[in-house]
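Observations on chain architecture
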Amino acid sequence: MGYFPIMLDLHDKKVLFIGGGFETESKVLRLLEAGALVTLLSPLAHPALEAPPAPERLTWLRRGYQQGDLAGFQLCFAHPPDRSLNTLIAQEAREREVWLNAVDDPAHCDFILPAVHQQGDLLIAISTSGVAPALGVRIRQRLAQEYGPAYAEYLRLLRTFRPLVQQTYPHDFEARKAAWYRLVDSPALEHLAQGEVETARQRLLEALHNQATPEVAL
């Protein structure tokens, strides 16, 4: 089976999480970080969720799943302690046309979650299409060594250049495209890795206006 990779904007989207499994805390926290409005169904203790970030985004009903709980949702995660419940949850999800992810249960999933490495706005997702998630984790660990904290600062800096690129080349898409390649091919990242933020900014400004800078072939 093939999967279609996609990044979802979950800000202010209602998400149901049927929890209790050992990954409930980490997955709910990640949904909250993404800005989702999470309804958690779980009768069990989850200490990390007693005082979560953005507590106004978490509604915790301290009980298990009941038929009809998926009403009003478009997205649901199922991670109950009793995995056999996934069959009932998946049946309701199909009836209500709710997208379902059943943790570690691909047979009841409409989508699966990749292993993720993140540094600020840099988000690298790795998937083995459910065949060997442990391999995805190992690849993520290797990527973490190459794409470290400097990339978060790099993207924060590049964000400030978006209006500058637009203002410099307002009517020429190809010129803007070439400018962006000059920016990302500049030595700015190396300077940021050394903590030289202002030098990095200067290198980016030079790259923005230096149309003679060759592009790196892709």
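Residues numbered from 1 in each chain as written. Predicted model: local features only at pLDDT ≥ 70, side-chain atom pairs only at ≥ 80, totals over all residues. Heavy atoms only, no water.

1. A few points about the packing of helix α4 (residues 150–168) against helix α7 (residues 197–209)
Between α4 and α7, the least distance of the axes is 11 Å, while the angle of their chain directions is 30 degrees. Relative to α7, the element α4 is oriented roughly parallel. Regarding α4 and α7, the two cross each other, and that crossing is right-handed. Counted together, E153, L157, L158, T160, F161, L164, V165 and T168 of α4 and V197, A200, R201, L204, L205, L208 and H209 of α7 form the full contact between these two elements. (Axes fitted to C-alpha atoms, helices over the stretch in contact; angles between N-to-C directions. Helix = DSSP H or I, 4+ residues; strand = E, 2+ residues; numbered from the N terminus. Parallel < 35°, antiparallel > 145°, perpendicular 65-115°, else oblique. Left-handed = near helix turned anticlockwise from the far one by under 90°. Contact = heavy atoms within 4.5 Å.)

2. Considering the pairing of strand β1 (residues 14–18)
Within a regular beta strand, the side chains point alternately toward one face of the sheet and then the other, so they alternate between its two faces. Of all five residues in β1, four are buried, a share of seventy percent or more. The pairing of β1 with strand β2 (residues 37–41) spans five bridges and is parallel. Within β2, the position partnered with I18 by the bridge is L41. As for the winding sense of the linkage, the β-α-β connection from β1 through helix α1 (residues 24–33) to β2 is right-handed. Of the strand pairs in this sheet, β1 and strand β4 (residues 75–78) are connected by four bridges, and their pairing is parallel. Bridge pairing in β4 links L16 to C76. (Buried < 20%, exposed > 50% of the residue type's maximum accessible area, 1.4 Å probe, protein only. Pairing = 2+ DSSP bridges. Right-handed = clockwise from strand over helix to strand, strands pointing away.)

3. Things to note about the nonpolar core
Core analysis: the largest hydrophobic core is formed by 16 residues, its most contacted members being Y154, L157, L183, L204 and L208. Ranked by the residues each element gives to this core, the list is headed by α4, at five residues. (Core = buried A, V, L, I, M, F, W, Y, C linked by side-chain atoms within 4.5 Å.)

4. Let's talk about the layout of surface pockets
Of the voids in this model, the largest pocket is the one considered here, and its volume is about 2000 Å³. Lining the largest pocket are 50 residues, with F111, I112, L113, P114 and V116 positioned closest to its centre. Broken down by secondary-structure element, the contributors of at least two residues to the lining of the largest pocket are β1, α1, β4, β5 (99–102), β6 (115–119), β7 (122–126) and α3 (133–146). Here the lining of the largest pocket is composed, by residue class, of 29 nonpolar, ten polar and eleven charged. (1 Å grid on protein atoms, 1.4 Å probe; cavity = no way out; pocket = protein on both sides within 12 Å on 5 of 7 lines; lining within 4 Å. Points joined across faces, edges and corners; volume = space filled by probe spheres on them. Nonpolar A, V, L, I, M, F, W, Y, C, P; charged D, E, K, R; others polar.)

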